[in-house]
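Here's the letter readout for the chains.
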Amino acid sequence: MSRLSPAVRKALLTLHLVTSLGWLGADLVLLTLGVAGLRGADPAVVYPTAGLVVTYLFAPLSVVVWLVGVASSLLTPWGLLRWRWVLVKFVLTTVLLGLVLLLLTPRIRQLGELGAAASTHYRVDLVVAPAISSTLLLVATVLSTYKPWGRLRPATPARRRPVAVAPRS
Ligand code: HEM
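For clarity, every value in this text was computed on a predicted model and none was experimentally measured.

(A) Representation of a nonpolar patch on the surface in the model. A grouping of Val63, Leu67, Val91, Val95, Leu99, Leu101, Leu102 and Leu103 is seen on the molecular surface, where their side chains present a nonpolar patch of about 720 Å² in accessible area. Per-element tally for the nonpolar patch: the top contributor is helix α3 (residues 84-114), with six residues. Inspection of the secondary structure assignment puts Leu67 in helix α2 (residues 43-74). Leu67 gets classed as partly exposed once you look at its relative accessible area, which sits at 49%.

As structure tokens, then:
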């Protein structure tokens, strides 16, 4: 059962949408910078910019998205372990958070410091990593809207499918 009033739940959903889709947007910005770098844009501009985007937007957002996503599950009738689409999204976002904080952020910061001195190997990283993560975030978005695969366990009368956004208020 939801522990939140309809107004607070809508505010939480709004925060979840703004942060998670903002995360996807920041990821696409990184991908754009990576492609621009490989296509000959000034590396002394492109890579330090990517370093700033990762440090001040992408990495902090990844933590906020995880926290708000978990709150959106635990504080609403969806729960974290009741519906397959929620669980898959949780696992996917958790893996992505680990990769972002442990691999992608240090790597792109380094690329930002190297600027024009960055090797092709480093430059390709700024295309491959955001291409993979953007695809996974797109998958998370589609899972959220289509909500496939049903429940993990059969519903008890008190735990029926939560009502979708529109009829809530
Ligand atoms: C820890 C990870 C996440 C969890 C546990 C989670 C969980 C949830 C839950 C429970 C809802 C329903 C909220 C409600 O009805 O009040 C929801 C909605 C939604 N989530 Fe997530 N989420 C996570 C990450 C993401 C990510 C990474 C994205 C996309 C990049 C995303 C996109 C969406 C969208 C678009 C909706 C709205 C679906 C609708 O209202 O029909 N979520 N999420």
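(B) Representation of the pattern of salt bridges within the structure. Throughout the structure, instances matching the rule amount to one salt bridge. Note that Arg107 and Asp125 form a salt bridge whose closest N and O atoms lie 2.4 Å from each other. Note that Arg107 is positioned in helix α3 and Asp125 in helix α4 (residues 120-146), a separation of 18 residues in sequence. For Arg107, a relative accessible area of 25% gives the class partly exposed. On the basis of relative accessibility, which here comes to 24%, the residue Asp125 falls in the partly exposed class.

(C) Up close: the coordination of the iron atom of the ligand. Note on the iron atom of the ligand: its protein donors are His16 (NE2) and Lys89 (NZ). The metal-donor distances range over 1.9 to 2.0 Å. Considering all six donor atoms around the iron atom of the ligand, the spread of angles at the metal, 84 to 178°, places the coordination shape in the octahedral class. Within this pair, whereas His16 is found in helix α1 (residues 6-38), its partner Lys89 is found in helix α3, the two being separated by 73 residues in sequence. The same class applies to His16 and to Lys89, which are both buried.

(D) Fine view of the UniProt feature "transmembrane region" (unreviewed entry) in the chain. The UniProt record annotates "transmembrane region" (unreviewed entry) at residues 12-33, 53-75, 87-106 and 126-146. As a span, residues 126-146 carries 100% helix and 0% strand, and end to end its C-alpha atoms are 30 Å apart.

(E) Focus on the site of the ligand. The local shell around the ligand holds 22 residues, among which Arg9, His16, Trp78, Lys89 and Lys147 are the closest. Arg9 is positioned such that a nitrogen or oxygen atom in its side chain is 2.9 Å from an oxygen atom of the ligand. If you list the elements that add at least two residues to the shell around the ligand, you get α1, α2, α3 and α4. Counting residues per element, the shell around the ligand draws most heavily on α1, at five residues.

(F) Quick peek at the side chain of Ser20. Along the chain, Ser20 falls in helix α1. The buried category is assigned to Ser20, whose relative accessible area is 16%. Within the structure, the side chain of Ser20 is placed 2.6 Å from the backbone oxygen of His16, a separation counted as a polar contact.

(G) View of the nonpolar core. Core analysis: the largest hydrophobic core is formed by 22 residues, its most contacted members being Trp23, Leu30, Phe58 and Leu126. When contributions to this core are tallied by element, the ones reaching two or more residues are α1, α2, α3 and α4. Ranked by the residues each element gives to this core, the list is headed by α2, at eight residues. Core analysis: the next-biggest nonpolar cluster, separate from the first, contains five residues, Leu80, Trp83, Trp85 and Val86 among them.

(H) Just the packing of α2 against α3, in detail. Between α2 and α3, the shortest axis-to-axis distance is 9 Å and the interhelical angle comes to 160°. It follows that α2 is roughly antiparallel to α3 by the angle criterion. Crossing of α2 against α3: the hand is left-handed.

Analysis parameters
Residues numbered from 1 in each chain as written. Predicted model: local features only at pLDDT ≥ 70, side-chain atom pairs only at ≥ 80, totals over all residues. Heavy atoms only, no water. Patch = residues over 30% accessible without salt bridge, like charges linked within 9 Å, V, L, I, M, F, W, Y side chains within 5 Å. Areas by Shrake-Rupley, 256 points an atom, 1.4 Å probe, with all protein chains shown as cover. Salt bridge = Lys/Arg side-chain N within 4 Å of Asp/Glu carboxyl O. Helix = DSSP H or I, 4+ residues; strand = E, 2+ residues; numbered from the N terminus. Buried < 20%, exposed > 50% of the residue type's maximum accessible area, 1.4 Å probe, protein only. Donors = N, O, S within 2.8 Å, 3.2 Å for Na, K, Ca; no water. Tetrahedral: all angles 85-135°; square planar, octahedral: opposite > 155°, others 65-115°. UniProt positions renumbered as here; feature names shortened; annotations may be inferred. Near = heavy atom within 4 Å. Polar contact = N/O pair within 3.5 Å; in protein donor to acceptor, adjacent residues only side chain to side chain. Core = buried A, V, L, I, M, F, W, Y, C linked by side-chain atoms within 4.5 Å. Axes fitted to C-alpha atoms, helices over the stretch in contact; angles between N-to-C directions. Parallel < 35°, antiparallel > 145°, perpendicular 65-115°, else oblique. Left-handed = near helix turned anticlockwise from the far one by under 90°.

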